[in-house]
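Close look at the chain arrangement
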Amino acid sequence: MSSVKQTRIQGVDVFRICSGQGMSASVAPSLGACCCSIVVRVKGQPVELLHGANDFSDMPMNGRIPVLFPACGRLFADGAANRYRHRGVVYAMDRHGFAKDRAWRFVAAG
């Protein structure tokens, strides 16, 4: 059975979702709901798959996986970076969208 555990790492609230099969994923809602740890079992031993997992230092992503919404990758419009066109109007948006830069909140698990 899966479970969710809340912890605090380096001053950041982290929710760890455990599968009950020895696998888990951790998410930091206040940091754009980025995935900050993925642990699987290899030959019975836990193995962390993310470089820099749970390191919330000054590096922007530092090995974490951001939510890429509403775009993934680089954007270009009219030869300019970080721009996109929608219905004939050009807008500015950082690489990978804006969801990674917004604080989320944990509502429920199921």
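In the block above lies the structure referred to throughout.
Attention here is on the structure that accompanies the text. Since the model is a prediction, treat every value here as computed from it, not as a measurement.

A word on the sheet that holds strand β3 (residues 24–28). Taken in spatial order, the five strands make up an open sheet running β1-β2-β3-β4-β5, and their pairing is antiparallel. The open sheet has two edge strands, β1 (3–9) and β5 (45–48), and neither has a second partner. Here the strands of the sheet are splayed against their neighbours by 25° on average, with no regard to which way each runs. Direction of pairing for β1 relative to strand β2 (residues 12–18): antiparallel, over a ladder of seven bridges. When the bridges of β2 are listed, R8 appears paired with D13.

Time to look at the pattern of salt bridges. Tallied over the full model, the rule gives four salt bridges. Note that D78 and R85 form a salt bridge whose closest N and O atoms lie 2.4 Å from each other. Classification of D78 as exposed rests on a relative accessible area of 63%. Its salt-bridge partner being K100, residue D101 comes within 3.0 Å of it at the nearest N-O pair. One network of salt bridges, with partners in common, ties together D94, K100 and D101.

Sheet analysis places strand β8 (residues 83–86) next to strand β9 (residues 89–92), joined by four bridges and oriented antiparallel. By the bridge assignment for β9, H86 is matched with V89. In this structure, the hairpin formed by β8 and β9 is closed by a connection of two residues, where R87 is found at a positive phi of approximately 50°.

A contiguous nonpolar patch, built from V4, I17 and F106 and spanning about 210 Å² of accessible area, is present on the exposed surface. Examined against the element boundaries, V4 turns out to sit in strand β1.

On to unusual backbone geometry. Of note, the amide linkage connecting F69 to P70 takes the cis form, showing an omega dihedral of 0°. The residue P70 is located in the loop between β5 and β6 (76–77) in this model. A positive phi angle, near 50°, is found at Q10, a position not held by glycine. Following the sequence through the fold, Q10 ends up in the loop between β1 and β2. Look at Q10 and you get exposed, because its relative accessible area is 54%. The phi dihedral of R87 falls on the positive side, at around 50°, and the residue is not glycine.

About the thresholds
- Residues numbered from 1 in each chain as written.
- Predicted model: local features only at pLDDT ≥ 70, side-chain atom pairs only at ≥ 80, totals over all residues.
- Heavy atoms only, no water.
- Pairing = 2+ DSSP bridges.
- Helix = DSSP H or I, 4+ residues; strand = E, 2+ residues; numbered from the N terminus.
- Axes fitted to C-alpha atoms, helices over the stretch in contact; angles between N-to-C directions.
- Salt bridge = Lys/Arg side-chain N within 4 Å of Asp/Glu carboxyl O.
- Buried < 20%, exposed > 50% of the residue type's maximum accessible area, 1.4 Å probe, protein only.
- Patch = residues over 30% accessible without salt bridge, like charges linked within 9 Å, V, L, I, M, F, W, Y side chains within 5 Å.
- Areas by Shrake-Rupley, 256 points an atom, 1.4 Å probe, with all protein chains shown as cover.

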